[in-house]
Amino acid sequence: VSTMNAKTSSAGEEEALGMSNETLGEAKRRQVIRVAYVIAALDLTFLFMQMGLMPYLAKSLGLDSVGFGYLQTIFGVLQLVGGYIFGRFADQFGARAALILSCASGSCFFLLLSLSTNIPLLFLSRLPGVFMHGIPGAQKVITDVTTPSQRAGALGKLGFCFGVGIISGSAVGGILSTKFGVYVPTYVGLMGSLINTLIAVVWIPSQTKPKSDHHMTELSDLFSIREILRLMKFPGVMEVFIVKVFAGFPIGLFMIMFSIISMDFFGLEAVESGYLMSYFGVLQMVVQGLVVGKLASRCSEMTLLRLSVFVFAGVGLGMALMRTVWHYCIIAVPLVFAFSMLATITDSILTKAVPSSDTGAMLGICASVQPLTRTVGPTIGGVLYKQFGVSSFGYLQLMVNLGLFVYLLKSKIPLEEMKSQ
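Residues numbered from 1 in each chain as written. Predicted model: local features only at pLDDT ≥ 70, side-chain atom pairs only at ≥ 80, totals over all residues. Heavy atoms only, no water.

Going by what an unreviewed UniProt entry lists, the protein chain is known as Organic cation transporter-like protein 2 and is assigned to Nesospiza acunhae. Heading Subcellular location (unreviewed entry) of the UniProt record for the protein chain holds this comment: "Apical cell membrane". (UniProt positions renumbered as here; feature names shortened; annotations may be inferred.)

Quick notes on the overall build of the protein chain
Assigned secondary structure in the protein chain consists of 19 helices and 0 strands. Considering the protein chain as a whole, with its 421 residues, one finds that 53% of them fall into the buried category. Excluding contacts between residues fewer than 6 apart, the proportion of contacts in the protein chain whose partners are at least 24 apart in sequence is 86%. Put simply, the protein chain shows about 18,600 Å² of open surface, and 69% of that area lies on carbon and sulfur atoms. (Helix = DSSP H or I, 4+ residues; strand = E, 2+ residues; numbered from the N terminus. Buried < 20%, exposed > 50% of the residue type's maximum accessible area, 1.4 Å probe, protein only. Contact = heavy atoms within 4.5 Å. Areas by Shrake-Rupley, 256 points an atom, 1.4 Å probe, with all protein chains shown as cover.)

Some remarks on the confidence of the model for the protein chain
On average, residues of the protein chain score 84 in pLDDT, and 88% of them are at 70 or above. Predicted confidence is poor over residues 1-20, with pLDDT under 50, and the contacts of this stretch with residues over four places away or in other chains come to 23 contacts. Below a pLDDT of 50 lies the segment residues 213-217, which in the model reaches 8 contacts outside its immediate sequence neighbourhood of four places, other chains included. (pLDDT = per-residue confidence, 0-100.)

Here's the deal with helix H19 (residues 391-410)
With 20 residues, H19 extends 29 Å between its outermost C-alpha atoms, agreeing within 8% with the 28 Å of an ideal straight helix rising 1.5 Å per residue. Buried residues of H19: Ser-392, Phe-393, Gly-394, Gln-397, Leu-398, Asn-401, Leu-404, Phe-405 and Leu-408, and no others. (Expected span 1.5 Å × (residues − 1).)

Remarks on the environment of Pro-250
Relative to the assigned elements, Pro-250 resides in helix H12 (residues 249-256). Sequence-wise, Pro-250 and Val-400 are 150 residues apart; in three dimensions their C-alpha atoms are separated by 8.1 Å. Look past the residues within four positions of Pro-250 in its chain and what remains in contact with it is Phe-393, Leu-396, Gln-397 and Val-400.

Below you can see the structure in the form of structure tokens.
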């Protein structure tokens, strides 16, 4: 009976989304998706611009490496807490309102950063980061205007925006700060975020999905542990979320320590590290733009989830054995594939597994995974690197993902689309 109800509610959701798409019009729906991609690409570009200049700005203000670590941790904690709140806000007030909030917060962030002439102001500039969630905002728009069968492919193309952000943000930020001064990228980021806000206001419709009967009563209810636990009780949600968190955690630790590893282990200069980041950006664009969407349309989501975890295990073995930067460049290909596939497929599964009125909250919880890694990662990653070396990240990646792969093979995770309101 529950399976029949799940299928009935799934069909009802497809019909409701179809009606929403007809209301928007097919051309309008595609335009909204393209605008979401543009906003996401610009948002990531500005974000990577400031990431490149932050170490130099912090150093020029007299902040040591320990203080800089605190600065990064504060930003990670704010993003961790804000991700879920942002998602709940999107469910309550709509995807457009959430995107406007994110872009406006970005404007405040860059304004404060441009005024940061001392260390207290630099720390203060991190505060708007609690609502800076451009990617979850774009995901919410795409989730609202696509049917479940279209969702994985549409979400996958957001990775193309990520590649654009890495390449353009790193390059533009470096050029501007070198030629015109360390504060110039902050002025560009401020103007760009204001333009992004205007784009969201003009081009994203106020209603991107059919209205539901589910409403929150108070703004104070935006952050609720009880609501998080409620979402985790839907069939398959807890299992898939555990896989999402743990499969990418070891490689997340490695990426947090990468700036140190690139200098000490690979012996790279700053310029060479920049080239390596650009290489990652190109791989991300190719994999997300050309591979993920096509596989999502041909294979079941559970098959792709198992594939990504298995490839992650192989990546761990390769990382344990690598000795040069060229080895890493080879490993980066399956690494980017597994990382992109895991993120896209788990987001797609989890948004289908909860009621449509809770997709924003679910995306917010998913968006909190990376900030969680950034928060606890520096301590754990530092201990691993100092005590056991680079190979320890690879062995940890191998063991964790082999365990998850066996778990996915043996367990029967229910993936019915539970779309009852």
